[in-house]
Amino acid sequence: MDDPILNIEEREAINSGRWFSSLSPSLRHDILRCAYVKRYRDGELIAARGDPPEEWIACAKGAVRVSSTSISGKQITLTYVEPGIWFGDVAIFDGDRRTHDAYAHGDTTILCVAKADFKKILATHVELYEAMLRLHARRIRQLFGLVEDLNTLPLRARLAKQLVHLVRSYGVPSLSDGREMRISLHLAQEELAQLLGASRQRVNQELKAMEREEAIRIEPGGLIVRDRDALMRIAESDV
């Protein structure tokens, strides 16, 4: 599925990324000049745990599912990398191997910079060091926030926060009602439960409750957010 050129939508996802758009024009130019495109079908392996770090990667379309495997052999989803987000740099910096598996979730496009080119850009643009520090600091804040939520918030509030995040990143107007938003990232309830560290049964119960409250609607093709403000109130009222 390789295609050497990003389409307009994919390029916009990269250029409008919060972190990437904060870089200087010359640095963005040098990164994109060295980058190459890879395309994957749903479920295809992008990188495996134990692989040497050969590329710095950005998601341009779809999502990258980062997962681990339990002792029993079950795959556990840890997070989804959305369009505009860069990853894979930690292993390049510390020289260790990849710590998790990465799979395409839906048809997915990634933008890659070879490790050697990444290091050349670092040597040419001192700015990138500070930018990477900001990126890593943001990741640490997000990690502490997730740990705090897991230990202090009930599942109902954590689920509402997760749905608000998903609709912000993957929401598209519903064809039947433009005021409603469909989450275009298709997640099975088991996958959503893994993100929240909960059982599928408990997540299903909370989703049904939110549907009765008319905050969401559950459809065979995914979730429809009918009232994002209601979800935000659920997240905040249960803090």
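What you see is a predicted model; the values in this text were computed from it and never measured.

Analysis parameters
Residues numbered from 1 in each chain as written. Predicted model: local features only at pLDDT ≥ 70, side-chain atom pairs only at ≥ 80, totals over all residues. Heavy atoms only, no water. Helix = DSSP H or I, 4+ residues; strand = E, 2+ residues; numbered from the N terminus. Core = buried A, V, L, I, M, F, W, Y, C linked by side-chain atoms within 4.5 Å. Buried < 20%, exposed > 50% of the residue type's maximum accessible area, 1.4 Å probe, protein only. Contact = heavy atoms within 4.5 Å. 1 Å grid on protein atoms, 1.4 Å probe; cavity = no way out; pocket = protein on both sides within 12 Å on 5 of 7 lines; lining within 4 Å. Points joined across faces, edges and corners; volume = space filled by probe spheres on them. Nonpolar A, V, L, I, M, F, W, Y, C, P; charged D, E, K, R; others polar. UniProt positions renumbered as here; feature names shortened; annotations may be inferred. Arc of directions from axis to C-beta. Polar contact = N/O pair within 3.5 Å; in protein donor to acceptor, adjacent residues only side chain to side chain. Phe/Tyr/Trp six-rings, centres within 6.5 Å; stacked < 30°, edge-to-face > 60°. Salt bridge = Lys/Arg side-chain N within 4 Å of Asp/Glu carboxyl O. Axes fitted to C-alpha atoms, helices over the stretch in contact; angles between N-to-C directions. Parallel < 35°, antiparallel > 145°, perpendicular 65-115°, else oblique.

Participant: Before we move on, can you summarise unusual backbone geometry with the specific residues and values?
Facilitator: Although it is not a glycine, Glu214 sits at a positive phi angle of roughly 65°. Relative to the helices and strands, Glu214 resides in the loop between helix 8 (200-212) and strand 9 (216-219).

Participant: How would you sum up the nonpolar core? Please name residues and give values.
Facilitator: In terms of nonpolar packing, the biggest core is built from 27 residues, with Leu163, Ile183, Leu192 and Leu231 touching the most fellow members. Taken together, the elements giving at least two residues each to this core come down to helix 6 (155-170), helix 7 (189-196), helix 8, strand 10 (222-225) and helix 9 (228-237). Setting aside residues up to four positions removed in sequence, Leu163 forms contacts with Ile183, Leu192, Leu207, Met210, Ile216, Leu223 and Leu231.

Participant: Which residues make up the layout of surface pockets, and what values do they have?
Facilitator: Considered as a void within the structure, the second largest pocket measures approximately 200 Å³ in volume. For the lining of the second largest pocket, the secondary structure elements donating two or more residues are helix 6, helix 7, strand 9 and strand 10. For the lining of the second largest pocket, a count of residues per class yields 11 nonpolar, three polar and one charged.

Participant: Please give an account of the UniProt feature "domain: HTH crp-type" (unreviewed entry) in the protein that cites residues and values.
Facilitator: With numbering matched to this structure, UniProt assigns "domain: HTH crp-type" (unreviewed entry) to residues 153-229. Within residues 153-229, the helical portion is 51% and the strand portion 18%, while the C-alpha atoms at the span's ends are 19 Å from each other.

Participant: I'd like a description of helix 9, backed by residues and values.
Facilitator: Among the residues of helix 9, those classed as buried are Ala230, Leu231, Ile234 and Ala235. Relative to the axis of helix 9, the buried residues are bounded by an arc of 140° and lie together on one face. Within helix 9, the exposed residues directed more than 90 degrees away from the buried face are Arg233, Glu236 and Ser237. Of the surrounding secondary structure, the elements contacted by the buried residues of helix 9 are helix 6, helix 8, strand 9 and strand 10. With a side-chain oxygen positioned 3.2 Å from the backbone nitrogen of Asp229, the residue opening helix 9 is Asp227.

Participant: Residues and numbers for the packing of aromatic side chains, please.
Facilitator: Think of a pair of aromatic rings as described by two things: how far the centres are apart, and how the planes are tilted against each other in angle. This structure, assessed with the given rule, holds five aromatic pairs. Consider the rings of Trp19 and Trp56, whose centres lie 6.0 Å apart with planes at 85°: the pair is edge-to-face. With a gap of 37 residues between them, Trp19 in the loop between helix 1 (8-15) and helix 2 (25-34) and Trp56 in strand 3 (residues 55-69) connect regions that are remote in the sequence. For Trp19, a relative accessible area of 4% translates into the label buried. Trp56 gets classed as buried once you look at its relative accessible area, which sits at 0%. Summarising the aromatic geometry, the rings of Trp56 and Phe118 are spaced 4.8 Å apart at their centres and angled 55° between planes, so their arrangement reads as tilted.

Participant: I'd like to hear about the pattern of salt bridges, residue by residue, with values.
Facilitator: Scanning the entire structure with this criterion turns up 11 salt bridges. A salt bridge links Glu10 to Arg39, with the shortest nitrogen-to-oxygen separation between them at 2.6 Å. Placement of the pair is Glu10 in helix 1 and Arg39 in strand 1 (residues 36-40), with a sequence separation of 29 residues. Across the pair, exposure class does not vary: Glu10 and Arg39 are buried alike. A salt bridge links Asp149 to Lys161, with the shortest nitrogen-to-oxygen separation between them at 2.9 Å. Of the two residues, Asp149 is situated in helix 5 (residues 127-152) and Lys161 in helix 6; the sequence distance between them amounts to 12 residues.

Participant: Give a description of the packing of helix 7 against helix 8 that names residues and reports values.
Facilitator: Between helix 7 and helix 8, the shortest axis-to-axis distance is 8 Å and the interhelical angle comes to 100°. In terms of orientation, helix 7 and helix 8 fall into the roughly perpendicular class. Facing helix 7, whose interface residues are Gln189, Glu190, Leu192, Ala193 and Leu196, helix 8 presents Arg200, Val203, Asn204 and Leu207. Class assignment for the residues of the contact of helix 7 with helix 8 results in five nonpolar, two polar and two charged.

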